[in-house]
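# Remarks on the overall topology
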There are 2 protein chains.
Amino acid sequence: MGRKKNKDIIPHEAIRRLSLYLRALKWLSRKKIKVVSSDEITKYLNTIPAQFRKDLSYFGGFGKRGVGYNVEALIREIEKILGTNMVWDIALIGAGKLGTALLGYAGFMEFNLKIAIAFDNDRSKAGRVFGNIRIEPISRMKKEIREKKIKIALLTVPAQYAQKISEDLVQCGIKAILNFAPVNLHLANDIHVAHVDMASELGSLVYRLKHKSSHK
Amino acid sequence: MGRKKNKDIIPHEAIRRLSLYLRALKWLSRKKIKVVSSDEITKYLNTIPAQFRKDLSYFGGFGKRGVGYNVEALIREIEKILGTNMVWDIALIGAGKLGTALLGYAGFMEFNLKIAIAFDNDRSKAGRVFGNIRIEPISRMKKEIREKKIKIALLTVPAQYAQKISEDLVQCGIKAILNFAPVNLHLANDIHVAHVDMASELGSLVYRLKHKSSHK
């Protein structure tokens, strides 16, 4: 009972950090490391042991005091928490430069996410194959996403199309969008949107760079 | 005096949000909107008016109660705060699929960030031109970055090379790295690293998707 109640107040950042812990654990697993302490695992991450323990505590305790965390068991637990213990098909909308780059990006499979279908509004691109995925004309987007019951989309279209296409995606059943277009989408509250915003990251790097150098 | 002191405790997330405000303000500016309230601007963003006012308050007050914010003036103020009121040259390391996609990505210029040079360890790529940038062999990386006094790098190399190359970058004067490789870099504390991690964003989307559907 307590766990269900807790889940509603888990900070978004804690969930993001779980994804980072998962990746670090998978890396440790590939290195054949069986047990890890919160000190050791946070060395690889931009966080501290206390934060790691706190984040895990939202979901129950997984480590043993003085013993550490079993790497394989914690991988399974975090995958269960995140829902990445099963493969999720995703649709990619917009097979431009960034879109086709993502078709070949290996990082998604680490989270059991698989680009299953891709669309572009440029007819000359339809039929071309990138990383095993055939680009389909965007006219078939709604029908195919509905038929394949895909819930997650990567949106890599130009900014001016992003709002309209995201509304179409919601109509055909998409519930979560990873938006790479440099605009904020206005969608119903039950649609989950994450924004990958490289420029803002750079903006904050510039800030820290400037701030540092002007105060040293 | 108070401002300088304050700057040391400004949360990282506030700085990231400043970048989002800046983009929204630039969009409003293109729409010829002169004045905006905190209610209006946060409609376009995933935040609330109180957060917007709080974030700006770290740097002094810019709005007038009941009047709102002058769009152009606030753009200039935020650019000054972030340090994006001048052009920063950046170096791209790794002209693979993601790297070359980024060479054509327009989002950087919104923050006055300009990819000035690009390197790849594949000799067959050297000399090829993407988006006006000629790919240079990586053997010239240290020399050219030092000569051009570039401080910011985009790292789009395969995971296994990321740590070694980032150390080389630091040696030749790079102070800030936007890391796209799915590994955590271990560098001196005065080097600013931001991680663009698409998979983790998707991981948290999956969590919210799963959590939502299993509780409805």
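The present account deals with the structure reproduced in this document. Throughout, a residue's number is its position along its own chain's written sequence, starting from 1. Each chain takes a letter, starting from A, and each ligand takes a number, starting from 1, following the order in which they are written. For this predicted model, a pLDDT threshold of at least 70 governs which residues receive local features, and a threshold of 80 or more governs which side-chain atom pairs are given and counted, while totals over whole chains, interfaces and linings are taken from all residues. For side-chain calculations, the full set of non-hydrogen atoms in the structure is used, while hydrogens and water are omitted.

### Considering the environment of Lys80 of chain B
Defined as follows: Only DSSP runs of H or I with at least four residues qualify as helices, and only runs of E with at least two residues qualify as strands; both kinds are numbered from the N terminus onward. Contacts are assigned to residue pairs with any non-hydrogen atoms lying within 4.5 Å of each other.
Residue position: Lys80 of chain B is located in helix 5 (residues 71–82). Setting aside residues up to four positions removed in sequence, Lys80 of chain B forms contacts with Lys210 of chain A together with Asn85 of chain B.

### What to know about the pairing of strand 7 (residues 152–155) of chain B
All names here are of chain B. Rules: Partly exposed residues are those whose accessible area sits between 20% and 50% of the maximum for their type, while under 20% is buried and over 50% is exposed, using a 1.4 Å probe and protein chains only. In short, DSSP must find at least two bridges between two strands for them to pair. Orient the strands so they point away from the viewer; a crossover is then right-handed if the path from the first strand over the helix to the second runs clockwise.
Burial along strand 7 is two-sided: Ile152 and Leu154 facing one way and Ala153 and Leu155 facing the other are all buried. As paired elements, strand 3 (residues 88–93) and strand 7 share 4 bridges and run parallel to each other. Residue pairing in the sheet places Ile90 in a bridge with Ile152 of strand 7. A crossover links strand 7 with its parallel partner strand 8 (residues 176–179), the connecting element being helix 8 (residues 159–171), and its sense is right-handed.

### Re helix 8 of chain B
Residue and element names in this part refer to chain B. For helix 8, the full list of buried residues reads Ala162, Ile165, Ser166, Asp168 and Leu169. Of the surrounding elements, those touching the buried residues of helix 8 are strand 3, helix 7 (141–148), strand 7 and strand 8. Where helix 8 ends, the next residue or the one after it, Gly173, has phi of about 110 degrees, a positive value.

### Section: the packing of aromatic side chains
Residue and element names in this part refer to chain A. Short version of the rule: Aromatic pairs are defined between Phe, Tyr and Trp rings, using the six-membered ring for Trp, whenever the two ring centres lie within 6.5 Å; interplanar angles under 30 degrees are classed as stacked, those over 60 as edge-to-face, and all others as tilted.
Taken as a whole and assessed by the stated rule, the structure comprises 4 aromatic pairs over all chains. Aromatic side chains Tyr21 and Phe52 sit 4.7 Å apart centroid to centroid with 80 degrees between the ring planes, which places their arrangement in the edge-to-face category. Of the two residues, Tyr21 is situated in helix 2 (residues 12–30) and Phe52 in helix 4 (residues 49–57); the sequence distance between them amounts to 31 residues.

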